[in-house]
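Close look at the chain arrangement
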Amino acid sequence: MLIVADFIKSDEPIRSLHFHNCSEIGFCQHGSGVMIVGEKVMTYHAGDITFIAEGEPHFSRSAEGTNSQWTWLMFDPLRLLPGVATAICDPWRYSGREFHNIFTPQDNEFLQTTIKRVIQECGSKREHWKSAVRSLIWDAMIAVNRSARTAAEPRAPKPLNRIAPALEALAKDYGDRWTVGKLADTCCMSESNFRRVWKDAIGQSPQEYIISMRMQMAAALLRSPGRSVLEVSLSVGFDSLSSFNRLFRRYFDCTPLQWRKLRPD
């Protein structure tokens, strides 16, 4: 019915994409890092809630030199909540390019409070705890549904298996000097065919994706006050601090130093 698991996520290289035959709700107890779901690259922080639908490929890693502590809830909504509105439990509503899988406490305080209560109920196992968990998960699904930035007509995500080796290589070594040709080689494809397949699956060019991943990881690394902006820029693959600052401002509408003040540890 429901599996609850605590886990420490290290900064070790990601080995492969993976997916589950159930839905997954994650609560980041501590730390920060980057989560990749399908073609999306997102930064997570302590207090964030993640929702990943059944069958959607994903992986994550903590900011370099750190560990993140997570509690994950694995469940099948249609089995856990039999007889309820299937539209709210339909996993397709919570997947694909338009769905943002991470919910911050600022965006949805109710969802964070609800998931904390689920974790508490599962830990205490007081009288009627299973009924309480079903009710709370139902509340959580409604909250996710209301907050979801989904397309008007949800669509099944496109398969990423053809470019999975390149996605994994980037996730493990995002700071390396990747060229499109080297990425194409990891997938045993010609460069022209690789560009076409990548664009169709991701919706942006390989170079745009690389920059996005580096920016998101830089945002996570800036959470550590012990690292200078220059050190962060070098660790994510930038030789020029001015180029890093310019791109960071474009992505986050603030400077790296301003970001650090906005998102303190």
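One can find the structure itself at the top, above this paragraph.
Residues numbered from 1 in each chain as written. Predicted model: local features only at pLDDT ≥ 70, side-chain atom pairs only at ≥ 80, totals over all residues. Heavy atoms only, no water.

A short note on the overall build of the protein
For the protein, the helix and strand inventory stands at 11 helices and eight strands. In the protein, which comprises 265 residues, the share counted as buried stands at 49%. When contacts within the protein are restricted to residue pairs at least 6 apart in sequence, long-range pairs at least 24 apart make up 75% of them. When the accessible surface of the protein is split by element, carbon and sulfur atoms take 50% of a total near 13200 Å². (Helix = DSSP H or I, 4+ residues; strand = E, 2+ residues; numbered from the N terminus. Buried < 20%, exposed > 50% of the residue type's maximum accessible area, 1.4 Å probe, protein only. Contact = heavy atoms within 4.5 Å. Areas by Shrake-Rupley, 256 points an atom, 1.4 Å probe, with all protein chains shown as cover.)

Section: helix α10 (residues 241-252)
For α10, which comprises 12 residues, the first-to-last C-alpha distance of 16 Å matches the rise-based estimate of 16 Å (1.5 Å per residue) to within 8%. Among the residues of α10, F244, L247, F248 and F252 are the ones counted as buried. Burial along α10 is one-sided: seen end-on, the buried residues are contained in an arc of 110°. (Expected span 1.5 Å × (residues − 1). Arc of directions from axis to C-beta.)

Digging into the nonpolar core
Core analysis: the largest hydrophobic core is formed by 44 residues, its most contacted members being I163, F194, W198, Y209, F244 and F248. At the level of secondary structure, the elements contributing two or more residues to this core comprise β3 (32-37), α5 (164-172), α6 (180-186), α7 (191-202), α8 (206-221), α9 (229-235) and α10. A per-element tally of this core places α8 first, with nine residues. Sequence-distant contacts of F244, defined by excluding residues within four places in its chain, comprise M215, A218, V229, V232, S233, V236, F238 and P256. Formed by 28 residues, the second largest nonpolar core is a distinct cluster that contains C89, F99, A143 and V144. (Core = buried A, V, L, I, M, F, W, Y, C linked by side-chain atoms within 4.5 Å.)

Observations regarding the pattern of salt bridges
Applying the stated criterion across every chain yields a total of three salt bridges. Between R126 and E121 there is a salt bridge, and its shortest N-O distance comes to 3.2 Å. By relative accessible area, which is 12% here, E121 ends up buried. (Salt bridge = Lys/Arg side-chain N within 4 Å of Asp/Glu carboxyl O.)

Re the packing of helix α3 (residues 109-124) against helix α4 (residues 129-147)
One way to put it is that α3 packs onto α4 with a least axis distance of 9 Å and a crossing angle of 160°. Our classification of the angle between α3 and α4 gives roughly antiparallel. Relative to α4, α3 is oriented so that their crossing is left-handed. Listed contacts from α4 to F110, L111, T114, I115, R117, V118, E121 and C122 of α3 are W129, A132, V133, L136, I137, D139, A140, A143 and V144. Of the residues in the contact of α3 with α4, the class split is 13 nonpolar, one polar and three charged. (Axes fitted to C-alpha atoms, helices over the stretch in contact; angles between N-to-C directions. Parallel < 35°, antiparallel > 145°, perpendicular 65-115°, else oblique. Left-handed = near helix turned anticlockwise from the far one by under 90°. Nonpolar A, V, L, I, M, F, W, Y, C, P; charged D, E, K, R; others polar.)

Description of the environment of S233
Relative to the assigned elements, S233 resides in helix α9. Filtering out sequence-adjacent residues up to four positions away, S233 remains in contact with F238, L241 and F244.

Comments concerning a nonpolar patch on the surface
A cluster of nonpolar side chains, contributed by L230, L234 and L241, occupies part of the molecular surface with about 250 Å² of accessible area. Residue placement: L230 occurs in helix α9. For L230, a relative accessible area of 43% corresponds to the partly exposed category. (Patch = residues over 30% accessible without salt bridge, like charges linked within 9 Å, V, L, I, M, F, W, Y side chains within 5 Å.)

Details of α8
The end-to-end C-alpha distance of α8 is 23 Å, a good match for the 22 Å that 16 residues give at a rise of 1.5 Å each. Most of α8 is tucked away, with 13 of its 16 residues classed as buried.

Quick notes on the environment of A218
By the element assignment, A218 lies in helix α8. Along the backbone, A218 and F244 are 26 residues apart, and their C-alpha atoms lie at a distance of 9.5 Å. In this structure A218 touches V232, V236, F244 and F248, once residues within four positions along its chain are discounted.

A few points about the packing of aromatic side chains
Applying the stated rule across the entire model yields 12 aromatic pairs. With a centroid separation of 4.9 Å and an interplanar angle of 45°, the aromatic rings of F252 and W259 are classed as tilted. Classification of W259 as buried rests on a relative accessible area of 12%. When the ring centre of W129 is taken as reference, the NZ or CZ atom of K125 above it lies at 5.0 Å. Against the face of W178 rests K182, its NZ or CZ located 5.0 Å from the ring centre. (Phe/Tyr/Trp six-rings, centres within 6.5 Å; stacked < 30°, edge-to-face > 60°. Lys NZ or Arg CZ within 6 Å of the ring centre and 35° of its normal.)

Scope: geometric values only; no functional claims are made or implied.
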